[in-house]
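# Remarks on the overall topology
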Amino acid sequence: MHQFDIRSRFNGLSDRNMGLIAARAAARSYPLITRIARARPNSEQLALLTGRLILTSVVANQSSSPTLQHAASNAVKSVFNCQDGTNDAACRNAVQAAMFAAEAITFEADAASYAKDSVTKAAEAIEATSADAAGETAFEEALNDINFDFKVLFKTPIWQGSKQPDWLTNALSDRSSKVDDGPAWEFWKAWYTGLLTGEHVSWEVQHMVALIDEERWEAGPAAVAAEIERIEANFNREPSGSDRRAVENGRPSATKLFENKAIGLASCAHVQHEITRAQEAFFSETGLNQLPETFATLPAISVSLGKIGAVLVLKDLSEENEQKLHDEVRRLNARIVELENELEKARNSKKPIFLPQLKKQIATSIGDWKLYAAICGGLWFISGDDVEMQKRLSNLLELREAVCGDDSPTPAP
């Protein structure tokens, strides 16, 4: 293999583009971790944590933020501690490919070097399958990724042909121990199929999976599967009762949004920035890496705003894109209703749901009045349906004040 060629080919690519190429290379060799020659006690956990590592790397390149960089760093540490005793050369190289891909994100100044190492290790892992020119083929796939536009690459199958090559499938069949069996692996199988076909599991869901707290990852596949099930149920929840009126509107505001795209884009960007700032402040002040359940909808709100912004930058509003905008506005409205409901539960709880110190840290970050002023100001325009929005956003501000106002009161007008 021409291992020294890849770095020179990276010239002119962004750090995130190199990181994505590295993550895709690691994904190609991932089956060598789930199908191994001889299972060890930690084989299943290693497969889980390496899957987490690759998923987090891809998501962090798609939606760059310090929060995801921190999650990638934690994922590297977990895999490093779990890989001891792995004597399967192909598996070991595949794990290292995933670690290097994540380090291309966490150490951006050396992104080219880590990306090169990831591509090389992934090719070496696949080369160990003994299939003719296997490593060279994997290496050429990574070189081919350089030719794709960064945004297009996210939708591009990791192997040409949109499926795992037959020679790799045949080679894996000789590796007797399969560690990704059972209900706990349903999400991961769907996730990997998405990488093979380019039709990914919801990016919103992947984003939240990347931010699952460390304790659940360490608890193993069943604990992580239960949390993923909760995340998916949350994102697929259909509004009901009084919620439905709040989220059904959207098409009139979709046209209005596109006609006033400059205001819409500015609103989306501002609210996203405030959510990111608040989350980073919370993680920094508390040392935690997951939001409390009351505020767990904030990242999903940010993701919806990003998707709305992605449509607003288009030159023309086709019927398909109008539908996308309409659907995303409805989804955004549903997220706001969910946040409102969670704050209401916190307000009405007979027992304190946060310890005093944590409550203060929440009040100056994810419960800060400035964040909710930004959310309500931005969403007033974005979500449309002024009468319903006025009621809902006014209530949201009142609930925030009831939950966090003692430690972060809204200034008098």
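Since the structure is predicted, the reported quantities are computational estimates derived from the model, not experimental observations. (Residues numbered from 1 in each chain as written. Predicted model: local features only at pLDDT ≥ 70, side-chain atom pairs only at ≥ 80, totals over all residues. Heavy atoms only, no water.)

Bringing the overall build of the protein chain into the picture now. A count of helices and strands for the protein chain gives 22 helices and two strands. By residue count, 54% of the 413 residues in the protein chain fall in the buried class. Here the contacts in the protein chain between residues at least 6 apart in sequence split such that 78% fall between residues at least 24 apart. Carbon and sulfur atoms form 51% of the exposed surface of the protein chain, whose accessible area is close to 18,100 Å². (Helix = DSSP H or I, 4+ residues; strand = E, 2+ residues; numbered from the N terminus. Buried < 20%, exposed > 50% of the residue type's maximum accessible area, 1.4 Å probe, protein only. Contact = heavy atoms within 4.5 Å. Areas by Shrake-Rupley, 256 points an atom, 1.4 Å probe, with all protein chains shown as cover.)

Moving on: the pattern of salt bridges. Within the structure shown, the criterion is met by 18 salt bridges. Taking the shortest distance from any N to any O, the salt bridge between Asp-117 and Lys-116 comes out at 3.3 Å. Looking at Lys-116, the relative accessible area reads 25%, which means it is partly exposed. Across the pair Glu-401 and Arg-400 runs a salt bridge whose closest N-O atoms are separated by 2.7 Å. Overall, Glu-401 belongs to the partly exposed group, its relative accessible area being 29%. Within the structure, one salt-bridge network assembled from shared partners comprises Asp-213, Arg-216, Glu-227 and Arg-230. (Salt bridge = Lys/Arg side-chain N within 4 Å of Asp/Glu carboxyl O.)

Our next topic: the environment of Val-403. Within the fold, Val-403 resides in helix α22 (residues 386-404). In this structure, the C-alpha to C-alpha distance between Val-403 and Asn-348, residues 55 residues apart in sequence, is 9.3 Å. Excluding residues within four positions of it along the chain, Val-403 makes contact with Leu-343, Ala-346, Arg-347, Phe-354 and Lys-359.

In terms of nonpolar packing, the biggest core is built from 85 residues, with Phe-10, Phe-187, Trp-188, Trp-191 and Val-209 touching the most fellow members. Trp-191 has contacts with Tyr-30, Gly-51, Ile-54, Leu-55, Val-201 and Gln-206, leaving out every residue within four places of it along the chain. Counting residues in each nonpolar core, the second largest holds 39 residues, with Val-311, Ala-363, Ile-366 and Ile-382 among its members. (Core = buried A, V, L, I, M, F, W, Y, C linked by side-chain atoms within 4.5 Å.)

With that settled, consider the side chain of Asn-74. Here Asn-74 shows up in helix α5 (residues 66-82). With relative accessibility at 13%, the residue Asn-74 sits in the buried group. Residues contacting Asn-74, with those up to four places away along its chain left out, are Arg-52, Glu-214 and Asn-289.

With that settled, consider the environment of His-200. Looking at the element boundaries, His-200 is found in the loop between α11 (186-197) and α12 (203-210). Along the primary structure His-200 and Ala-190 are separated by ten residues, whereas in three dimensions their C-alpha atoms are 8.3 Å apart. Ignoring sequence-local partners within four residues, the contact set of His-200 consists of Phe-154, Lys-155, Gly-194, Leu-195 and Gln-206. Of the polar contacts made by the side chain of His-200, one reaches the backbone oxygen of Phe-154; its length is 2.4 Å. (Polar contact = N/O pair within 3.5 Å; in protein donor to acceptor, adjacent residues only side chain to side chain.)

Turning next to the packing of α12 against helix α18 (residues 298-312). Put simply, α12 and α18 touch, their axes get as near as 10 Å, and they point 145° apart. With respect to the hand of their crossing, α12 and α18 are arranged in right-handed fashion. Contact residues: α12 offers Glu-204, His-207 and Met-208, while α18 offers Pro-299, Val-303, Ser-304 and Lys-307. Split by residue class, the contact of α12 with α18 holds three nonpolar, two polar and two charged. (Axes fitted to C-alpha atoms, helices over the stretch in contact; angles between N-to-C directions. Left-handed = near helix turned anticlockwise from the far one by under 90°. Nonpolar A, V, L, I, M, F, W, Y, C, P; charged D, E, K, R; others polar.)

A few words now on α11. With twelve residues, α11 should cover 16 Å at 1.5 Å per step; its first-to-last C-alpha distance of 17 Å lies within 8% of that length. Just beyond α11, the residue with positive phi is Gly-198, at close to 85°. (Expected span 1.5 Å × (residues − 1).)

Before going further, it helps to spend a moment on the packing of α5 against helix α6 (residues 89-106). Running from N to C, α5 and α6 point in directions that differ by 155°, and their axes come no closer than 9 Å. With respect to each other, α5 and α6 are oriented roughly antiparallel. For the element pair α5 and α6, the recorded crossing hand is left-handed. Facing Gln-69, Ala-72, Ser-73, Val-76, Val-79 and Phe-80 of α5, the residues of α6 in contact are Val-95, Met-99, Ala-102, Glu-103, Ile-105 and Thr-106. Each residue belonging to the contact of α5 with α6 can be placed in one class, and the counts come to eight nonpolar, three polar and one charged. (Parallel < 35°, antiparallel > 145°, perpendicular 65-115°, else oblique.)

As a further point, take the packing of aromatic side chains. If you walk through the whole model with that rule in mind, you get 13 aromatic pairs. Taking 5.9 Å as the distance between ring centres and 35° as the angle between the ring planes, the aromatic pair formed by Phe-107 and Tyr-114 counts as tilted. Phe-107 gets classed as partly exposed once you look at its relative accessible area, which sits at 44%. The residue whose ring lies beneath Arg-28 is Trp-159, and the NZ or CZ to ring-centre distance is 5.9 Å. (Phe/Tyr/Trp six-rings, centres within 6.5 Å; stacked < 30°, edge-to-face > 60°. Lys NZ or Arg CZ within 6 Å of the ring centre and 35° of its normal.)

It is worth spelling out the confidence of the model for the protein chain at this point. Per-residue confidence for the protein chain averages 83 on the pLDDT scale, and 88% of its residues sit at or above 70. Predicted confidence in the protein chain is weakest over helix α15 (residues 242-248), with a mean pLDDT of 45, and strongest over α11, with 93. Here residues 239-252 is modelled with pLDDT under 50, and outside its nearest four sequence neighbours on either side it reaches 24 contacts, counting other chains as well. (pLDDT = per-residue confidence, 0-100.)

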